[in-house]
Amino acid sequence: MVLTLTSEKLSEYKLDDIQIGQKKQFSVTVLGSMIDDFAKLSGDHSPIHVDETYANSTNFKKRICHGMLLASFFSRLVGMYLPGKNALYFSQSLKFISPCFINDNIIIEGEVIEKSTSTRLITLKTTITNNTGNRLVDGEAKVLIRE
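These lines cover the structure that appears in this document, whether it is placed above or below. (Residues numbered from 1 in each chain as written. Predicted model: local features only at pLDDT ≥ 70, side-chain atom pairs only at ≥ 80, totals over all residues. Heavy atoms only, no water.)

Points about the overall build of the chain
Point 1. Looking only at helices and strands, one finds 4 helices and 7 strands in the chain.
Point 2. Starting at the N terminus and ending at the C terminus, the chain contains elements arranged as β-β-α-α-α-α-β-β-β-β-β.
Point 3. Taken over the C-alpha trace, the chain has a radius of gyration of 16 Å; the compact-globule value for 147 residues is 15 Å, and the two agree within 12%.
Point 4. For the chain, the C-alpha atoms occupy an extent of roughly 55 × 25 × 25 Å along the three principal directions.
Point 5. Burial status across the chain gives 40% buried among its 147 residues.
Point 6. For the chain, the share of sequence-separated contacts (at least 6 apart) that also reach a separation of at least 24 residues comes to 67%.
Point 7. When the accessible surface of the chain is summed, it comes to about 7,700 Å², and 51% of that surface belongs to carbon and sulfur atoms.
Point 8. Side chains of the chain give 17 positive and 16 negative charges; the mean places of these two sets differ by 3 Å. (Helix = DSSP H or I, 4+ residues; strand = E, 2+ residues; numbered from the N terminus. Rg over C-alpha atoms; globule rule 2.2 N^0.38 Å. Buried < 20%, exposed > 50% of the residue type's maximum accessible area, 1.4 Å probe, protein only. Contact = heavy atoms within 4.5 Å. Areas by Shrake-Rupley, 256 points an atom, 1.4 Å probe, with all protein chains shown as cover. Lys, Arg positive; Asp, Glu negative; His and termini not counted. Charge placed at Lys NZ, Arg CZ, Asp CG, Glu CD.)

The structure is reproduced here in structure tokens:
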């Protein structure tokens with residue numbers, strides 16, 4: 001797995017440190033072994049993900065990544081980078097827009113779009129795009145900031 005981070009260190013943002021418009025992103029190259037490992041962990045062995053011969057017969061013409069594997073990168077975004085150590089995931093919405101294929105380089109990004117000091121919740125616009133700029137996944141994360 002190839003990983004490029006905007007920061008090598010675990011972030012430790014407190015609620016007062018977080019600003020509307022603040023962003024973090026990192027990139028990952030999706031490998032066939034990641035898809036195979038996710039199939040083993042999740043139990044989702046749908047042939048569109050794990051069977052090259054079957055996938056070649058579909059309109060995609062090759063294996064596609066599980067949408068939930070892509071979505072799992074939002075956990076890394078929240079738990080490691082924005083806000084990082086003080087995060088407690090509250091909710092996540094997901095909209096799967098386009099497929100991701102083996103060896104695609106994807107960019108996972110979060111942007112703070114709301115912040116409530118009374119509830120200690122921030123809302124992140126979460127997106128995954130591929131290296132050609134196609135949007136793969138959209139969503140919103142609600143994150144409680146612990147202190």
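Concerning the nonpolar core
Point 1. Judged by nonpolar contacts, the single largest core of 20 residues is most densely connected at Leu-70, Ile-106, Ile-108 and Ile-128.
Point 2. Of all elements in the fold, only strand 2 (23-29), helix 1 (32-42), helix 4 (67-81), strand 5 (105-116) and strand 7 (135-145) reach the threshold of two or more residues within this core.
Point 3. A total of 7 residues in this core trace back to one element, the largest contributor, which is helix 4.
Point 4. Beyond its immediate stretch of four places on either side in the chain, Ile-108 contacts Lys-24, Gln-25, Phe-26, Val-28, Phe-73, Phe-74, Leu-77, Thr-127 and Ile-128.
Point 5. Counting 12 residues, the second-largest nonpolar core is a separate cluster that includes Tyr-13, Leu-15, Val-78 and Val-112. (Core = buried A, V, L, I, M, F, W, Y, C linked by side-chain atoms within 4.5 Å.)

Here's the deal with the pairing of strand 2
Point 1. Across the 7 residues of strand 2, 5 count as buried, placing the element largely inside the fold.
Point 2. The sheet contact formed by strand 2 and strand 5 spans 7 bridges and is antiparallel. Note on strand 5: the bridge partner recorded for Ser-27 is Ile-107. (Pairing = 2+ DSSP bridges.)

Comments concerning the side chain of Ser-11
Point 1. Tracing the sequence through the fold places Ser-11 in the loop between strand 1 (3-5) and strand 2.
Point 2. One polar contact links the side chain of Ser-11 to the main-chain carbonyl oxygen of Tyr-81, over a distance of 3.1 Å.
Point 3. The contacts of Ser-11, once residues within four sequence positions are left out, are Lys-24, Met-80, Tyr-81, Pro-83, Gly-84 and Lys-85. (Polar contact = N/O pair within 3.5 Å; in protein donor to acceptor, adjacent residues only side chain to side chain.)

Focus: a nonpolar patch on the surface
Point 1. On the surface, Met-68, Leu-94 and Phe-96 cluster together to form a nonpolar patch covering roughly 270 Å² of accessible area.
Point 2. On the secondary structure map, Leu-94 appears in the loop between strand 3 (87-92) and strand 4 (95-96). (Patch = residues over 30% accessible without salt bridge, like charges linked within 9 Å, V, L, I, M, F, W, Y side chains within 5 Å. Salt bridge = Lys/Arg side-chain N within 4 Å of Asp/Glu carboxyl O.)

Side note on the packing of aromatic side chains
Point 1. A complete count under the given rule lists 1 aromatic pair for this structure.
Point 2. Seen from their ring centres, Phe-26 and Tyr-81 are 5.7 Å apart, and the 45° between their planes marks the pair as tilted. With Phe-26 in strand 2 and Tyr-81 in helix 4, the pair connects residues that are 55 residues apart, well separated along the chain. Tyr-81 shares its class with Phe-26; the two are buried.
Point 3. The ring centre of Phe-101 lies 4.7 Å from the NZ or CZ of Lys-62, which sits over that ring. (Phe/Tyr/Trp six-rings, centres within 6.5 Å; stacked < 30°, edge-to-face > 60°. Lys NZ or Arg CZ within 6 Å of the ring centre and 35° of its normal.)

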